[in-house]
Amino acid sequence: MLKPLAILSLLFSGAMFGFFFAWVCSTMWGLDAADPEIAVAAMQAMNASVRNWVFAPAFFGTPVLSMATALAALKVQERRVAIFFALACLLYVLGAFVPTITVNVPLNELLASAGTPLEAAQAQEVWGNYSAPWQAWNTVRAVASGIALALAGWGLLAMGSVPAAGHLRDRAHD
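Below you will find a few notes about this structure. (Residues numbered from 1 in each chain as written. Predicted model: local features only at pLDDT ≥ 70, side-chain atom pairs only at ≥ 80, totals over all residues. Heavy atoms only, no water.)

Before going further, it helps to examine the overall build of the protein chain. Summing up its helical and strand segments, the protein chain has six helices and zero strands in all. Order of helices (α) and strands (β) in the protein chain, N terminus to C terminus: α-α-α-α-α-α. Relative to the 2.2 N^0.38 estimate, which gives 16 Å for 174 residues, the radius of gyration of the protein chain is 20 Å and therefore markedly larger than a compact globule would have. Seen through its C-alpha atoms, the protein chain measures out along the principal axes to roughly 70 × 30 × 20 Å. Taking all 174 residues of the protein chain together, 39% fall into the buried category. Within the protein chain, contacts between residues separated by at least 24 positions form 82% of all contacts whose residues are at least 6 apart in sequence. (Helix = DSSP H or I, 4+ residues; strand = E, 2+ residues; numbered from the N terminus. Rg over C-alpha atoms; globule rule 2.2 N^0.38 Å. Buried < 20%, exposed > 50% of the residue type's maximum accessible area, 1.4 Å probe, protein only. Contact = heavy atoms within 4.5 Å.)

The following block contains the structure:
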């Protein structure tokens, strides 16, 4: 039960890191390069579409799976593995989940309330007030999710789930 949970935790953590990372390195830069009227309308549409059956399990399930993996590891006396997954859970909750709920979603709701279409000057002001803080907190989410992913990977390695790692450890003792 531990290995499948650990693999799912790793996959969900990776999905969330990839999601936040893509916004950092392409989506927001592209929207910033676009006309603010287009950027506002596009972001409103993306924010409305993200609340779906594909995103929700990864966003809400990542901390649940990480903690379930930590508890399963404790149950089989894998304390080191448990620590990695518990830390992954904690970091994801504090660095990605909480900022999403307390900063990014409220910013998204404020952007949605601006309506469309907007006149050029109004769109410039709305986008100018939205983009920089949203991106700063999204970068926090990406970094936290990336570290949570690394912690899940280290937890999986600590189990010996990757044959090459175990093989290298055995050879180091020869």
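Compared with the 20 Å implied by 1.5 Å per residue over 14 residues, the 20 Å span of helix H2 (residues 36-49) between its first and last C-alpha is a close match. Turning to H2, its buried residues are Pro 36, Ala 39, Val 40, Met 43, Gln 44 and Asn 47. When H2 is viewed along its axis, its buried side chains cluster within an angular range of 130 degrees and face the same direction. For H2, exposure combined with an orientation more than 90 degrees from the buried face picks out Ile 38 and Ala 48. Its buried side turned inward, H2 meets helix H1 (2-33), helix H4 (79-113) and helix H5 (120-158). (Expected span 1.5 Å × (residues − 1). Arc of directions from axis to C-beta.)

That bond from Thr 116 to Pro 117 is cis: its omega, -5 degrees, falls within 30 degrees of zero. The phi angle at Gln 77 is positive, at roughly 65 degrees, despite the residue not being glycine. Within the secondary structure, Gln 77 is located in the loop between helix H3 (55-75) and H4.

Position of Asn 108 relative to the elements: it lies in helix H4. What makes Asn 108 buried here is its relative accessible area of 13%. Those residues in contact with Asn 108 that sit more than four places away from it in its chain are Asn 47, Tyr 130 and Trp 134.

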